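A look at the structure
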Amino acid sequence: MSATLVCPLDGTVVADAAEPAPGTCPGCGAVFAGGGTSPPEAVARALADWGVEGDADVVARRLFETDPGDPPAPALAITSDRRDGFYLWWVFARGGPAAAVAHLTGAAPPA
């Protein structure tokens, strides 16, 4: 199966005609992970992949309530890929996943 995935932080195509896999945006350097069938599932997968603690439901909800700030501030954003059939959700983190989650949720930044 093939899909197109575009970074929601800078518009760079990170996967085209290949199945997306966690990686790094070549445009802005944001890391991305997820691939879930729902936003909370994508967030849970991304947090696990990054080794970051957080409530996936809370983070997913906040992703739809706020817009990412301008660089260089840490930011978290979510998007779906484009494919034939059911799309998957992906989470992008600029400024390090732990810092981006803390910034989004208002938690204390990681030490």
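Summarised in this report is the structure supplied together with it. Throughout, a residue's number is its position along its own chain's written sequence, starting from 1. Owing to the predicted nature of the model, reporting of local features is limited to residues with pLDDT of at least 70; listing and counting of side-chain atom pairs is limited to 80 or more, with chain, interface and lining totals taken over all residues. Just so you know, side-chain values use all the structure's heavy atoms and leave hydrogens and water out.

Okay, the overall build of the protein chain next. Elements are defined by DSSP. Helices are runs of H or I of four residues or more, strands are runs of E of two residues or more, and each kind is numbered from the N terminus. Along its length, the protein chain carries three helices and seven strands. Along the protein chain, helices and strands appear, N-terminal first, in the series β-β-β-β-α-α-β-β-β-α. Against the globule reference of 13 Å for 111 residues, the protein chain gives a C-alpha radius of gyration of 13 Å, in line with a compact fold. Expressed along its principal axes, the backbone C-alpha trace of the protein chain runs to roughly 40 × 25 × 25 Å. Note on classification: 1.4 Å probe, protein chains only; a residue is buried when its accessible area is under 20% of the maximum for its type, exposed when over 50%, partly exposed between these limits. Across the 111 residues of the protein chain, 40% fall into the buried class. Any two residues having at least one pair of non-hydrogen atoms within 4.5 Å are treated as being in contact. Taking the intrachain contacts of the protein chain between residues at least 6 apart in sequence as the baseline, contacts between residues at least 24 apart amount to 46%. About 5600 Å² of surface is accessible on the protein chain, with carbon and sulfur atoms providing 53% of the total. The averaged location of the 13 negative side-chain charges in the protein chain is 2 Å from the averaged location of its 6 positive side-chain charges. Put simply, the radius of gyration uses C-alpha atoms, and a globule should come to 2.2 Å times the residue count raised to 0.38. Surface accessibility follows the Shrake-Rupley procedure with a 1.4 Å probe radius. Residue values consider only the protein chains on display as shielding. In this tally, Lys and Arg are treated as positive and Asp and Glu as negative; His is ignored, and so are the chain termini. For this purpose, a charge sits on NZ of Lys, CZ of Arg, CG of Asp or CD of Glu.

What follows concerns the pattern of salt bridges. Whenever a carboxyl oxygen of Asp or Glu lies within 4 Å of a side-chain nitrogen of Lys or Arg, that contact is scored as a salt bridge. Evaluation of the coordinates by the stated rule reveals five salt bridges. Here Arg-62 makes a salt bridge to Glu-65, at a shortest N to O gap of 3.1 Å. Pair noted here: Arg-62 and Glu-65 are both in helix α2 (residues 56-65), with a separation of three residues, about one helical turn. According to the relative accessible area criterion, Arg-62 is partly exposed, its value standing at 25%. The exposure class of Glu-65 is partly exposed, given its relative accessible area of 46%. Counted as one network, the salt bridges with shared partners bring together Glu-19, Asp-81 and Arg-83.

Paired through their backbone hydrogen bonds, the strands of a sheet run either parallel or antiparallel. Whether two strands pair depends on DSSP finding at least two bridges between them. Read across the open sheet, the three strands follow the order β2-β1-β6; overall the sheet is antiparallel. Only two strands of the sheet have a single partner each, and these edge strands are β2 (13-18) and β6 (82-83). Bridge count between strand β1 (residues 3-6) and β2: four bridges; the pairing is antiparallel. Residue Ala-3 lies in a different strand from β2, and its bridge partner there is Ala-18.

It is worth spelling out the environment of Glu-41 at this point. Relative to the assigned elements, Glu-41 resides in helix α1 (residues 39-50). In this structure, the C-alpha to C-alpha distance between Glu-41 and Ala-73, residues 32 residues apart in sequence, is 25 Å. Within polar-contact distance, the side chain of Glu-41 engages the side chain of Thr-37 at 2.7 Å. Whenever two N or O atoms come within 3.5 Å, that pair is a polar contact, provided that in protein one can donate a hydrogen and the other can accept it, and provided that, for residues adjacent in sequence, both atoms are side-chain atoms.

So, to be careful, I would describe these as geometric facts and stop short of saying anything about function.
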